[in-house]
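The primary structure of each chain is shown beneath.
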Amino acid sequence: MLPFSTDLLADFLEFRTAVLVYRLNLLMLGTTLFASWHYAVKNGFLAEGVDAETTRTVYQRIVKAQMLWAIGAALSLISPLLSVGFMLVVQLIYATALRGSLLREVIG
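Residues numbered from 1 in each chain as written. Predicted model: local features only at pLDDT ≥ 70, side-chain atom pairs only at ≥ 80, totals over all residues. Heavy atoms only, no water.

1. Observations regarding the pattern of salt bridges
- Under the definition given, this model contains 1 salt bridge.
- One salt bridge in this structure joins R56 and E53, with 2.8 Å as the shortest N-O distance. Linking R56 with E53, this pair stays in helix α3 (residues 52-74), spanning 3 residues, or about one helical turn. (Salt bridge = Lys/Arg side-chain N within 4 Å of Asp/Glu carboxyl O. Helix = DSSP H or I, 4+ residues; strand = E, 2+ residues; numbered from the N terminus.)

Shown next, in the form of structure tokens:
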């Protein structure tokens, strides 16, 4: 689904529907990641060095990313381009793992 929604968004960038389809795809990916992490924690599949703080931080990062992408999707009510720009910045921040203190508070 991800290549489809990304291509749809690229082809129809000015349409809110394309932004919402892309956002729905991100929600499904986040839900799958959350469920996978929960399953791994509950069934003891994590490495022995993973403590409770790390487990909590992973949960928080997944939920916070979903919240930020939801804000991005809501921005499509103002402008689809603004929405896409916001979601792109959020993805870049998570991908590059920036270490600023304000960013640490926002993304976990």
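Having seen the model, we can carry on.
2. Let's talk about the nonpolar core
- Counting residues in hydrophobic clusters, the biggest one holds 14 residues, and the most contacted among them are L9, W69, M87 and Y94.
- Ranked by residue count, the leading element in this core is helix α4 (residues 80-96), at 5 residues.
- Discounting residues that sit within four places of it in the chain, L9 has contacts with A18, V19, Y22 and V84. (Core = buried A, V, L, I, M, F, W, Y, C linked by side-chain atoms within 4.5 Å. Buried < 20%, exposed > 50% of the residue type's maximum accessible area, 1.4 Å probe, protein only. Contact = heavy atoms within 4.5 Å.)

3. Observations regarding the environment of L92
- When you line up the elements, L92 lands in helix α4.
- The partly exposed category is assigned to L92, whose relative accessible area is 49%.
- For the pair L92 and S79, spaced 13 residues apart in sequence, the C-alpha to C-alpha distance is 20 Å.

4. Quick word on the packing of helix α2 (residues 16-42) against α4
- Relative orientation of the contacting elements α2 and α4 amounts to 25°, with a least axis distance of 9 Å. Classed by the angle they form, the pair α2 and α4 counts as roughly parallel. Every pair of crossing elements has a handedness; the one defined by α2 and α4 is left-handed. Residue-level inspection shows R16, V19, Y22 and L26 of α2 in contact with α4, the latter providing P80, S83, V84, M87 and Q91.
- Tallied by class, residues from the contact of α2 with α4 come to 6 nonpolar, 2 polar and 1 charged. (Axes fitted to C-alpha atoms, helices over the stretch in contact; angles between N-to-C directions. Parallel < 35°, antiparallel > 145°, perpendicular 65-115°, else oblique. Left-handed = near helix turned anticlockwise from the far one by under 90°. Nonpolar A, V, L, I, M, F, W, Y, C, P; charged D, E, K, R; others polar.)

5. A closer look at the packing of aromatic side chains
- Taken as a whole and judged by the stated rule, the model has 3 aromatic pairs.
- An angle of 50° between the planes, with centres 5.0 Å apart, marks the rings of F34 and Y59 as tilted. With a gap of 25 residues between them, F34 in helix α2 and Y59 in helix α3 connect regions that are remote in the sequence.
- Its relative accessible area of 32% is what places F34 among the partly exposed residues.
- The buried category is assigned to Y59, whose relative accessible area is 18%.
- Between the aromatic rings of Y39 and F45, the centroid separation amounts to 5.7 Å while the plane-to-plane angle is 45°, which identifies the pairing as tilted. Like Y39, the residue F45 is exposed in the burial classification. (Phe/Tyr/Trp six-rings, centres within 6.5 Å; stacked < 30°, edge-to-face > 60°.)

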